[in-house]
Amino acid sequence: MDPFDTPAFNLARKQVELIAELLDISPSMREPLLWPKRCIAVSLPVEMDDGSMKVFEGYRVHHHLAMGATKGGVRFTPDFTMGEAAGLAIWMSWKCALAGLPYGGAQGGVCVDPRHLSVGELERLSRRYMHEMIPFVGPKADIMGPDMGTDERVMAWLMDTYSAYLGHAEPGIVTGKPVSVGGITGRREAAGLGVVYLIERAADMMRLPLRGARAIVQGFGTVGSVAAQDLAHRCGMKIVGLSDSTGAYYNKNGIDVWHAYGHALERGDLRDFDGAERIDADDLLIAPCEVLVPAATSCVIHEQNARKLQCRILAEAANGPTTTEADKILFERWNEVFVIPDILCNAGGVVVSYFEWVQGLQSFFWNRTEVVDRLYRTLEQAFVAVTRRAKRQHIPHRLSALAIAVERVIQARKTFGLFP
Ligand code: NAD
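This structure is a prediction, so every number in the text was calculated from the model and none was measured.

Chemist: Can you help me understand the sheet that holds strand β4 (residues 103–111) in this one?
Modeler: Two orientations exist for strands paired in a sheet by backbone hydrogen bonds: parallel and antiparallel. A sheet is described by the order of its strands in space; here five strands give the open sequence β1-β2-β4-β3-β5, paired in mixed fashion. Single-partner strands in this sheet number two, and they are β1 (38–47) and β5 (142–146). For this sheet, the mean inter-axis angle between neighbouring strands, taken without regard to orientation, is 25°. Here helix α3 (residues 82–99) sits on the sheet and contacts β1, β2 (53–62), β3 (69–77) and β4; the angle it forms with β4, its principal contact strand, is near 150°.

Shown next as structure tokens:
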């Protein structure tokens, strides 16, 4: 069995192949881009609260080393695999290169449903994961950050385990940690705020007023809940649809996002949410709206639903939400649907992670205005570069974003030669 054969890795590879054709990249340059540089699989024995011992599978993948250290999330999800890690690491490479950050892509995680663990079990699992990863990570080698199923708490346990091994605090080993242990203000909201900034830019370009317009957000976690709140409260949009892994909710008059957030905070998810009608999860994505934000998992926009999307802006907050087949359809519909591709749309998370990493290395703290201002400026540069190139070459925004990123990585590889 091919350990990489997963939807995420296959999609990431297909995209590299498309770009390699577009940029006419030689086979010798193309091949290293298609494969991870390093992969590690670990078994993680953890003592459970009832005294039994359970072994979890953990992974970490580094895509390339040509731009400096690797950087990537840690995902705790029930179906996490090495292949998914590899796909996400490749996307992270492009995201960092597009935003001009000095990193190659990485990704790791554990195959686990964290909702089924007690706090103590989650802490022991997180610490065990870092313990096994110590030979492969480091503040100048590979830096971890939050992703699906992990949060500030998990980042704090990862940092503490690494720091205990070194004998001193090492804030640079993780980003997305609490401010009280060296985190940066604004990191938790960064990806969601970035998504909304780019939606505003796309709407400006299309002369589409956002105030009073409708938005649907799939996924109500760190990224989706912040994006939904910012769209509703700052942009004045009506959030007509929300979903999480427990169900989808629709209210044509608008959902009270604070109420939904309070419900999710109190109960852990949106189950039994009473502020909207429960609908089929597939129908939510094709319901009428001006802005659709997939903020959950990969491959949710596919050949079967791409033609049916009714949004004007598709803001890809999740990694890899759109298949290459759906991309072709969306490009046919380019004057109806403005796609903000994932490696641009959700880059706010890693951009502020980079600020946090710099802050950790320098022990010099930034305030929220500095963080948000620099975040927006970084995204603005990337947005302008992507939309200009797409227009000039008449290519989809995704290809434009990938082309810019891949060219930068290739340039670095050519400078160094064979090894990174
Ligand atoms: P999270 O774990 O905080 O939240 C994920 C949400 O998606 C949860 O509400 C979950 O219930 C929901 N979900 C899962 N499967 C679903 C499905 N099939 N349908 C509907 N909802 C579903 O994760 P997150 O950190 O918000 O990440 C969400 C996405 O954004 C992921 O693709 C992640 O890789 C990407 N991302 C996250 C960050 C970050 O900083 N956290 C940065 C960039 C990109």
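Chemist: In this structure, what is going on with the pattern of salt bridges? I would like to understand it.
Modeler: If charged atoms from side chains of opposite charge come close, those side chains can pair. As enumerated under the stated definition, the model contains 27 salt bridges in all. Here Arg127 makes a salt bridge to Asp160, at a shortest N to O gap of 2.9 Å. In this pair, Arg127 is assigned in helix α4 (residues 119–133) and Asp160 in helix α5 (residues 152–166), connecting sequence segments 33 residues apart. Residue Arg127 is classed as partly exposed on the basis of its relative accessible area, which comes to 24%. Its salt-bridge partner being Glu132, residue Arg128 comes within 2.9 Å of it at the nearest N-O pair. Of this pair, Arg128 and Glu132 both sit in helix α4, four residues apart, roughly one helical turn.

Chemist: What should I look at first to understand the sheet that holds strand β9 (residues 277–279) in this one?
Modeler: Pairing is mixed across the open sheet formed by seven strands, whose spatial order is β9-β8-β7-β6-β10-β11-β12. Two strands lie at the open edges of the sheet, namely β9 and β12 (338–340), each paired on one side alone. Going from strand to strand, the sheet's axes swing by 20° on average, the running direction of each strand aside. As paired strands, strand β7 (residues 238–244) and strand β8 (residues 247–250) are joined by four bridges and run antiparallel to one another. The residue of β8 that forms the bridge with Asp244 is Gly247. The sheet strands contacting helix α7 (residues 222–233) are β6 (214–218), β7 and β10 (291–294), and the helix crosses β7 at an angle near 170°.

Chemist: Where do I start with empty space enclosed by the protein in this structure?
Modeler: The gaps left among the atoms become clear once a water-sized probe is rolled over them. Enumeration over the complete set of coordinates arrives at one cavity of 30 Å³ or more. Within this model, the largest cavity holds a volume of roughly 30 Å³. Going through the elements one at a time, α3, α11 (342–345) and α13 (368–393) are the ones with two or more residues in the lining of the largest cavity. Per-element tally for the lining of the largest cavity: the top contributor is α13, with three residues. Here the residues of the lining of the largest cavity sort into eight nonpolar, one polar and no charged.

Chemist: I tried to follow the packing of α3 against helix α14 (residues 397–416) on my own but got confused; where do I start?
Modeler: When two helices pack together, you describe them by how their axes are tilted relative to each other and by the distance separating the axes. For the pair α3 and α14, the least separation of the axes is 8 Å and the interaxial angle reads 85°. For the element pair α3 / α14, the angle class is roughly perpendicular. Residue-level inspection shows Trp94, Ala97, Leu98 and Ala99 of α3 in contact with α14, the latter providing Ala401, Leu402, Ile404, Ala405, Val406, Arg408 and Val409. Across the contact of α3 with α14, the residue classes tally to ten nonpolar, no polar and one charged.

Chemist: I would appreciate a short explanation of the packing of aromatic side chains in the present structure.
Modeler: Applying the stated rule across the entire model yields 16 aromatic pairs. Centroid distance Tyr249 to Phe273: 5.7 Å. Interplanar angle 85°. Geometry classified as edge-to-face. Placement of Tyr249 in strand β8 and of Phe273 in the loop between α8 (257–267) and β9 is noted, with a sequence separation of 24 residues between them. By the burial criterion, Tyr249 is buried, and Phe273 matches it. Relative to Trp357, the ring of Tyr354 lies with its centre 6.2 Å away and its plane at 35°, an arrangement referred to as tilted.

Chemist: Help me out: how do you make sense of the site of the ligand in this one?
Modeler: In the vicinity of the ligand there are 22 residues, among which Arg75, Asp147, Ser245, Ala296 and Asn319 approach most closely. Gly149 places a main-chain nitrogen or oxygen 2.9 Å from an oxygen atom of the ligand. Here an oxygen atom of the ligand sits 2.9 Å away from a polar atom, N or O, in the main chain of Thr222. Here the ligand has 820 Å² of accessible area as a free molecule, and 83% of this is covered by the chains. Going through the elements one at a time, α6 (187–206), α7 and β7 are the ones with two or more residues in the shell around the ligand. Here the shell around the ligand is composed, by residue class, of eight nonpolar, ten polar and four charged.

Chemist: Sorry, what's going on with helix α1 (residues 7–23) here?
Modeler: Within an α-helix, residues lying three or four positions from one another point in the same direction, as the helix has 3.6 residues per turn. The terminal C-alpha atoms of α1 lie 24 Å apart, and with 17 residues this matches the ideal 24 Å at 1.5 Å per residue to within 8%. Within the span of α1, buried status applies to Ala8, Phe9, Leu11, Ala12, Arg13, Gln15, Val16, Ile19 and Ala20. Buried residues belonging to α1 abut α2 (27–34), α3, α10 (324–332) and α14. Looking one or two residues beyond α1, the residue adopting positive phi is Asp24, at roughly 55°.

Chemist: Would you explain the nonpolar core in this entry?
Modeler: Inside soluble globular proteins, nonpolar side chains tend to come together where they are buried. Trp94, Ile199, Val293 and Ile340 are the most contacted members of the largest nonpolar core, which totals 103 residues. When residues of this core are assigned to their parent elements, the largest contribution, 13 residues, is made by α3. When neighbours within four sequence positions are excluded, Trp94 is seen to be in contact with Val16, Leu33, His63, Ile343, Leu402, Ala405, Val406 and Val409. One finds Val42, Phe56, Val137 and Met159 within the second-largest nonpolar core, a separate group that totals 27 residues.

Chemist: Where do I start with the pairing of β3 in this structure?
Modeler: In regular strands, side chains alternate between the two faces of the sheet. Among the nine residues in β3, nine count as buried, and that is most of the element. Inspection of the sheet shows β3 paired to β4 by seven bridges, in the parallel sense. In the strand pairing of β4, Lys71 is matched with Gly105. Note that the unit made of β3, α3 and β4 has a crossover that is right-handed. Here β3 pairs with β5 via five bridges, running parallel. Counterpart to Thr70 in the pairing with β5 is Asp142.

Reading guide: rules and limits
- All residue numbers refer to position in the chain's written sequence, counted from 1.
- Local features in this predicted model are restricted to residues of pLDDT 70 or higher, and side-chain atom pairs are both shown and tallied only at a pLDDT of 80 or more, whereas totals for entire chains, interfaces and linings draw on every residue.
- Excluding hydrogens and water, the side-chain figures rest on all heavy atoms present in the structure.
- When DSSP finds two or more bridges between two strands, those strands count as paired.
- Numbered from the N terminus, helices here are DSSP runs of H or I no shorter than four residues, and strands are runs of E no shorter than two.
- For helices, the fitted line uses only the C-alpha atoms of the stretch in contact; every axis is such a line through C-alpha atoms, and the angle between N-to-C directions lies from 0 to 180 degrees.
- Pairs of residues are marked as contacts when any of their non-hydrogen atoms sit within 4.5 Å.
- Here a salt bridge means any side-chain nitrogen of Lys or Arg lying within 4 Å of a carboxyl oxygen belonging to Asp or Glu.
- For each residue, the accessible area found with a 1.4 Å probe, counting protein chains only, is set against the maximum for its type, and the residue is called buried under 20%, exposed over 50%, and partly exposed in between.
- Note on definitions: the grid is 1 Å and covers protein atoms alone; a cavity is a set of points where a 1.4 Å probe fits but cannot get out; a pocket is an open set with protein on both sides within 12 Å along at least five of seven lines; lining residues have an atom within 4 Å of a point.
- Grid points are joined across faces, edges and corners, and a volume is the space filled by probe spheres set on the points.
- As a working rule, the residues Ala, Val, Leu, Ile, Met, Phe, Trp, Tyr, Cys and Pro are called nonpolar, Asp, Glu, Lys and Arg charged, and the rest polar, with Gly in that last group.
- Angles are sorted into four bins: roughly parallel if under 35 degrees, roughly antiparallel if over 145, roughly perpendicular if 65 to 115, and oblique for all others.
- Note on aromatic contacts: the rings of Phe and Tyr and the six-membered ring of Trp form a pair at centre separations within 6.5 Å, being stacked when their planes are under 30 degrees apart, edge-to-face when over 60 apart, and tilted otherwise.
- Whether a residue is near a molecule or strand depends on its heavy atoms: it is near if one of them lies within 4 Å of it.
- Polar contact is defined as a pair of N or O atoms within 3.5 Å, subject to the rule that within protein one atom must be able to donate a hydrogen and the other to accept it, and that residues adjacent in sequence are counted only when both atoms are side-chain atoms.
- Using a 1.4 Å probe, the Shrake-Rupley method yields the accessible areas, and only the shown protein chains count as cover for residues.
- In a helix, the anticipated span is given by 1.5 Å times the number of residues less one.
- Throughout, nonpolar core names a set of buried Ala, Val, Leu, Ile, Met, Phe, Trp, Tyr and Cys residues whose side chains join them through atoms within 4.5 Å.
- By definition, the crossover connecting two strands over a helix is right-handed if that path, from the first strand to the second, turns clockwise as seen with the strands pointing away from the viewer.

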